[in-house]
Each structure stands twice: as structure tokens, then as C-alpha cells.
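Here is what each chain is made of, one letter per residue.
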Amino acid sequence: MEILIVGPQGSGKTTQAKLLAKKFNFQFISTGDLVREFATQDSQEAQSVKQALEQGELVNDRIVAELIRKKLARNDSQRGFVMEGFPRSVDQLKYISPNFDKVFYLEVSDEEVVKRLLDRKRADDQPEVIRQRLRLYHTFTEPVLKFYEKLGKLIRINASQLSGMTDEQSIQEIANEIDKQMESLVNNKGVNLGASAKR
Ligand code: AMP
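Just so it is clear, the model here is predicted, and its values are computed rather than measured. (Residues numbered from 1 in each chain as written. Predicted model: local features only at pLDDT ≥ 70, side-chain atom pairs only at ≥ 80, totals over all residues. Heavy atoms only, no water.)

Caption draft 1: How the structure looks around the site of the ligand. Near the ligand you find 16 residues, and of these Thr-31, Glu-57, Val-59, Gly-85 and Gln-92 are the closest. Note that an oxygen atom of the ligand is positioned 2.6 Å from one of the backbone N or O atoms of Glu-57. Between the ligand and Arg-122 there is a distance of 3.4 Å, counted from an oxygen atom to a side-chain nitrogen or oxygen. Out of a free accessible area of 480 Å², the ligand has 98% covered by protein chains. (Near = heavy atom within 4 Å. Polar contact = N/O pair within 3.5 Å; in protein donor to acceptor, adjacent residues only side chain to side chain. Areas by Shrake-Rupley, 256 points an atom, 1.4 Å probe, with all protein chains shown as cover.)

Caption draft 2: Here's a closer look at helix H6 (residues 127–150). Its 24 residues place the ends of H6 34 Å apart at the C-alpha level, agreeing with the 34 Å of an ideal helix rising 1.5 Å per residue. Taking the largest bend as the criterion, H6 deviates by roughly 40°, centred on His-138. For H6, the complete set of buried residues consists of Val-129, Ile-130, Gln-132, Arg-133, Leu-134, Leu-136, Tyr-137, Thr-141, Val-144, Leu-145 and Tyr-148. Packing partners of the buried residues in H6 comprise strand E1 (2–6), helix H3 (44–55), strand E4 (102–107), helix H5 (110–120) and strand E5 (154–158). Just beyond H6, the residue with positive phi is Gly-152, at close to 75°. (Helix = DSSP H or I, 4+ residues; strand = E, 2+ residues; numbered from the N terminus. Expected span 1.5 Å × (residues − 1). Bend = angle between axes of the 7 residues up to and from the residue. Buried < 20%, exposed > 50% of the residue type's maximum accessible area, 1.4 Å probe, protein only. Contact = heavy atoms within 4.5 Å.)

Caption draft 3: Expanded view of the pattern of salt bridges. Within this structure, the stated rule accounts for 17 salt bridges. The partner of Asp-33 in a salt bridge is Arg-36, and the shortest N-O contact between them spans 3.1 Å. Linking Asp-33 with Arg-36, this pair stays in helix H2 (residues 31–38), spanning 3 residues, or about one helical turn. The class of Arg-36 is partly exposed, set by a relative accessible area of 29%. A single network of salt bridges, built from pairs that share partners, joins Arg-120, Arg-122, Asp-124, Asp-125 and Arg-133. (Salt bridge = Lys/Arg side-chain N within 4 Å of Asp/Glu carboxyl O.)

Caption draft 4: Quick peek at the sheet that holds E1. Reading across the sheet, the 5 strands line up as E2-E3-E1-E4-E5 and stay open at both edges, with parallel pairing between neighbours. Among the strands making up the open sheet, the edge pair consists of strand E2 (27–30) and E5. Direction aside, the axes of adjacent strands within the sheet are offset by 20° on average. Relative to E5, E4 runs parallel, the two sharing 5 bridges. Following the sheet pairing, Tyr-105 is matched in E5 by Arg-156. Relative to E2, H2 is tilted by about 65°, and along the sheet it contacts E2 and strand E3 (81–84). Here helix H4 (residues 61–73) sits on the sheet in contact with E2 and E3, set at roughly 170° to E2. (Pairing = 2+ DSSP bridges. Axes fitted to C-alpha atoms, helices over the stretch in contact; angles between N-to-C directions.)

Geometry only, nothing functional implied.
Structure, rendered in C-alpha cells:
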């Protein structure tokens, strides 16, 4: 099974993708993690990736595709994978086009994104860089959502912090929403949930 979790920066896509991977014993693939790791290497290409990260620009499509290919080749799960961070644009699908069974779109407003990221304090979470990443998201990633919507694969999940809830409760609420959708998919595909699936 191949699942995509998509949403703006700060929507909680990494957290949800990890939870889902753990629950179903899927491989977890985060292109953000892959490029950040690659950027620490000592090569000219790594330097260019580091620069893109610092400026909130997209990393070269070919490099991202190569990192994903390598990660897929090291696949440690027979059951499939949960991906987050790719595709960032419809163009990227020319390099690798996974056959996603479902695409979960975590919806959060720009306002909330900025607020959350300023709390997160990651190196690339500077106000100017956040705004640049949001611009790219609206221009290039939103068409990806439309693409999967047309294929009937997109499921919208409200990922805003719900009033009166702690972060933990919100995360759990969103995870429950995703679980509900996964259940019907799992039943159709006959995937067997292991003991770790019982949360
Ligand atoms: P993320 O962890 O998903 O927020 O990604 C952090 C940064 O990694 C982005 O701002 C991009 O610079 C880079 N990145 C992650 N995924 C991709 C991708 N699919 N294509 C190009 N750049 C990416």
C-alpha cells in the first residue's frame, strides 16, 4: 500500500506520517529528512542543497528523485510506504510517480502555519523563509492536490488546532480521522494489522 500525507509546512504531516507508518508497519519516507541528511555531506551538490534549504527554495528535482529511489531500494517493509514531502509539484511526478492508494491532505490556514512554525524553531523556520515556502506551496504543491482529487484519491482532513484541545489531543484527533479512512482501505485490500496497530 502506498500512502501520501500532504499539507503545508507545519501541518503535522511528519508526525501523522510517522504514526501511520508505525501503526501499519509501513516504510516511512520524508523527503525533508532525506534532503536535510544529504545537505550535511561534503560535496558541491550537498552545498547547493544546503543553500536551497536555507533559502526555502525547492531542491533540484533530480536530486530529490535520486534520494527517494535509494530510500525505496533499502525498503524494510513488505507492506508499503507512507510518503511525505513529495511530490512538491506536478512536474516532480515525471521523475517518480508512486501509485498512491490514498492521499491525505492536512488542511491548515497560512496564518496558523506561520504561528506554529515560529514556535518550532527549526533552522529554516525564519519568517522570510517561511513565507517563501508558503508561496511555493500555493503555486506548485496545490496543483498536486487537484491532480489527486481528480483521481478520486484525495481525502481532506481538518488539521487546525481545535479550540480547547492540547497539541497531543489534536494530534490524536487527526490520527483517528486518518485511521477511520484507512480502515475501509485496509478491509478492501486485506492488509493484516499487527499487534502494534492497536493504539
Ligand atoms: P519539509 O521537511 O517537507 O518541510 O521540507 C523542508 C525543505 O526540504 C523544503 O523547504 C525544501 O527545500 C526541501 N524539500 C523537501 N521535499 C522536497 C521535494 N519533494 N522537492 C524539492 N525540495 C524538497
